[in-house]
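Remarks on the overall topology
What follows is the residue order along each chain.
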Amino acid sequence: YTGSCLHAGGNPGAGGGYPGATGGKGAGFNDNLCTVNNPATAAGSYGAGGGGGNGNGSSFTEGTDGICIISWCNIDVSTTVTGITITANDTAATSFQWIDCTVEMPIDGDTSASFTPLYDGDYAVIVTEGGCTDTSACVSITGVGINPYQHLEQIITVYPNPFTNTLKVSAGKNASFQLMNAVGQVVWSGKQIETVDFSFLPSNVYLLKVMDQNQTQVIRLVK
């Protein structure tokens, strides 16, 4: 256009997206102040501005909130007694470890779902399912035989329990110790246990085997 024609169309529409394109001009018109008519179809008023073009992208936005997933263990630690045989009821378990509740000590080799004791006593099973472990209630079995732990000369005590980093044991100076996790693996052994810093152990249930003179006792500990 030439001359004093100032308005060849309506205002451009707003740009869309990012980067946005500029809107197109409106429909043509005749303006008496222009020396050359708009080649578009004549109109009595200015045409409206065209819509803004869509861009190839969009503006940046904030990310969504994070998601916290909470999971927990739900192990069946119930048992069934048939005669003198105890059976764990959790059919989804991946492993079992039977323990003698009198001394809270794992029984070597008894790792199946069912357990038949060799002597009278109280027994429980440690059930592991995936990454979760829990212990059943103790079950009393009688009429089998004499419990070899029935006549202990001295009751050994361990404190504090639960403990944090150190332990005190009411045993003789020459006593030796084995500290086992809930599945019977030895995590520390030696003497002078009161000088040991157990801060390296994760929070869990442990079994402390105390061997003092002619007797052996196992105490259940919680860290």
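For every chain, the first residue of the written sequence is number 1, and numbering continues from 1 onward in sequence order. Per-residue local features are limited, in this predicted model, to residues with pLDDT of at least 70; the limit for side-chain atom pairs, both in listing and counting, is 80 or more; totals at the level of whole chains, interfaces and linings are taken over all residues. Water and hydrogen atoms were dropped before computing side-chain values, which therefore reflect all heavy atoms in the structure.

So, the sheet that holds strand 14 (residues 215-222)
Strand-to-strand pairing in sheets goes through backbone hydrogen bonds, with the strands running parallel or antiparallel. Strand order in the open sheet formed by four strands is 12-11-13-14, with antiparallel pairing between adjacent strands. This sheet does not close on itself; its edge strands, each paired only once, are strand 12 (186-190) and strand 14. Pairwise comparison of adjacent strand axes, ignoring direction, gives a mean angle of 15 degrees for this sheet. When DSSP finds two or more bridges between two strands, those strands count as paired. Numbering goes from the N terminus for both helices and strands, where a helix is a DSSP run of H or I of at least four residues and a strand is a run of E of at least two. Only the contacting stretch of a helix is used when fitting its axis, a line to C-alpha atoms as for every element, and angles between N-to-C directions run 0 to 180 degrees.

Focus: the nonpolar core
We call a set of buried residues a nonpolar core when its members are Ala, Val, Leu, Ile, Met, Phe, Trp, Tyr or Cys and they connect through side-chain atoms within 4.5 Å of each other. Only protein chains enter the area calculation, which uses a 1.4 Å probe; residues under 20% of their type maximum are buried, those over 50% are exposed, and those in between are partly exposed. Core analysis: the largest hydrophobic core is formed by 18 residues, its most contacted members being Val-169, Phe-177, Leu-179, Ile-193, Phe-198, Leu-208 and Leu-221. The set of elements that each furnish at least two residues to this core consists of strand 11 (176-181), strand 13 (205-212) and strand 14. The element that contributes the greatest number of residues to this core is strand 13, accounting for three residues. Between two residues, a contact is recorded if the distance between any of their heavy atoms is within 4.5 Å. The contact partners of Phe-177, leaving out residues within four places of it in the chain, are Val-169, Trp-188, Ser-189, Gly-190, Lys-191, Gln-192, Ile-193, Leu-208, Lys-209, Val-210 and Met-211. Counting 15 residues, the second-largest nonpolar core is a separate cluster that includes Ile-86, Ala-88, Tyr-119 and Val-139.

Overview of the packing of aromatic side chains
Classification of ring pairs rests on two measures: the distance between centres of Phe, Tyr or Trp rings, Trp counted by its six-membered ring, which must be within 6.5 Å, and the angle between planes, read as stacked under 30 degrees, edge-to-face over 60 and tilted in between. Per the counting criterion, the structure on display carries six aromatic pairs. Consider the rings of Trp-98 and Phe-115, whose centres lie 5.4 Å apart with planes at 20 degrees: the pair is stacked. With a gap of 17 residues between them, Trp-98 in strand 3 (residues 95-100) and Phe-115 in strand 5 (residues 114-115) connect regions that are remote in the sequence. Residue Trp-98 shares its accessibility class with Phe-115, and that shared class is buried.

Some remarks on the state of the cysteines
Sulfur atoms of two cysteines make up a disulfide when they are within 2.5 Å. Here the structure, examined in full by the defined rule, presents one disulfide. Residue Cys-101 pairs covalently with Cys-138 via a disulfide, S to S 2.1 Å. Here the disulfide of Cys-101 and Cys-138 is left-handed, its torsion about the S-S bond being about -100 degrees. Highlighted residues: Cys-101 in the loop between strand 3 and strand 4 (105-106) and Cys-138 in the loop between strand 7 (132-135) and strand 8 (139-141), separated in sequence by 37 residues. For Cys-101, a relative accessible area of 15% corresponds to the buried category. Residue Cys-138 is classed as partly exposed on the basis of its relative accessible area of 48%.

Spatial relationships are all this shows, so hold off on functional conclusions.
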